[in-house]
Amino acid sequence: MEPHEDPEDFDPEDDDFDPEEDDFEDEEEDEDDLFGVTSDARTICHLCGGAGFVAHPTSAVIGGVPRTVDNGRECPHCHAARKFPGLVPPL
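Residues numbered from 1 in each chain as written. Predicted model: local features only at pLDDT ≥ 70, side-chain atom pairs only at ≥ 80, totals over all residues. Heavy atoms only, no water.

*Asks:* Would you mind going over the overall build of the chain with me for this structure?
*Replies:* Per the secondary structure count, the chain includes zero helices and six strands. Scored against the burial criterion, the 91 residues of the chain give a buried share of 11%. Contacts in the chain between residues far apart in sequence, at least 24 positions, make up 44% of those at least 6 positions apart. Approximately 8200 Å² of the chain is accessible, and the part contributed by carbon and sulfur atoms is 50%. (Helix = DSSP H or I, 4+ residues; strand = E, 2+ residues; numbered from the N terminus. Buried < 20%, exposed > 50% of the residue type's maximum accessible area, 1.4 Å probe, protein only. Contact = heavy atoms within 4.5 Å. Areas by Shrake-Rupley, 256 points an atom, 1.4 Å probe, with all protein chains shown as cover.)

Structure, rendered in structure tokens:
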């Protein structure tokens, strides 16, 4: 029903909504889903926050202008695994 239409003129037969039809497909489970719900306990790396890498700023000259570039490097705590099995408290 359009906002400018009179609600008294609404005909349910003209409604094209089908409750049986859904646009959602069955989602496949991703084994490497970091933030998904699992039955086993795991801890996201405290140092990299689950990214697998940490900042590694480097000086560079780009187009004749000196600037800092962040290439990133592998997380030294989780070694790019992004998570630990079980509950690991931050130290």
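Back to the text.
*Asks:* When you look at the nonpolar core in this model, what are you seeing that I'm missing?
*Replies:* The nonpolar side chains of a soluble globular protein tend to be buried, and buried together. By size, the foremost hydrophobic cluster in this structure holds six residues: C45, C48, V54, C75, C78 and F84. Not counting chain neighbours up to four residues away, the residues in contact with C78 comprise C45, C48 and F84. (Core = buried A, V, L, I, M, F, W, Y, C linked by side-chain atoms within 4.5 Å.)

*Asks:* What's the story with the pairing of strand β3 (residues 57-62) in this structure? I'm lost.
*Replies:* Among the six residues in β3, zero count as buried, and that is only a small part of the element. Between β3 and strand β4 (residues 65-70), which pair antiparallel in sequence order, lie two residues; one of them, G63, sits at a positive phi of approximately 65°. (Pairing = 2+ DSSP bridges.)

*Asks:* Mind showing me how you'd approach the state of the cysteines here?
*Replies:* Each disulfide consists of one covalent bond between the sulfur atoms belonging to two cysteines. Tallied over the entire structure, the rule returns zero disulfides. With no disulfide of its own, C45 lies 3.7 Å from the sulfur of C48, the closest cysteine sulfur. Since its relative accessible area comes to 2%, C45 is described here as buried. You can see C78 has no disulfide; the closest cysteine sulfur is in C75, sitting 3.7 Å from it. (Disulfide = S-S within 2.5 Å.)

*Asks:* Whenever I open this one, the side chain of T43 confuses me. Can you help?
*Replies:* Residue position: T43 is located in strand β1 (residues 42-44). At 2.7 Å, the side chain of T43 and the backbone oxygen of G86 are in polar contact. With residues up to four places along the chain from it excluded, the contact list for T43 reads K83, F84, G86, L87 and V88. (Polar contact = N/O pair within 3.5 Å; in protein donor to acceptor, adjacent residues only side chain to side chain.)

*Asks:* Explain the pairing of β4 here, please?
*Replies:* One face of the sheet, then the other: side chains in a regular strand alternate in exactly this way. Both β3 and β4 contribute to a ladder of six bridges, which runs antiparallel. Bridge pairing links S59 to T68 in β4.

*Asks:* Quick question: what am I supposed to make of the environment of V69 here?
*Replies:* Topologically, V69 is positioned in strand β4. Residue V69 is classed as partly exposed on the basis of its relative accessible area, which comes to 24%. Taking the C-alpha atoms as reference, V69 lies 8.3 Å from H56; in sequence the two are 13 residues apart. The contact partners of V69, leaving out residues within four places of it in the chain, are H56, P57, T58, A60 and I62.

*Asks:* Looking at this structure, how should I read the environment of C48?
*Replies:* By the element assignment, C48 lies in the loop between β1 and β2 (53-54). It is 8.3 Å that separates the C-alpha atoms of C48 and C78, two residues lying 30 residues apart in sequence.

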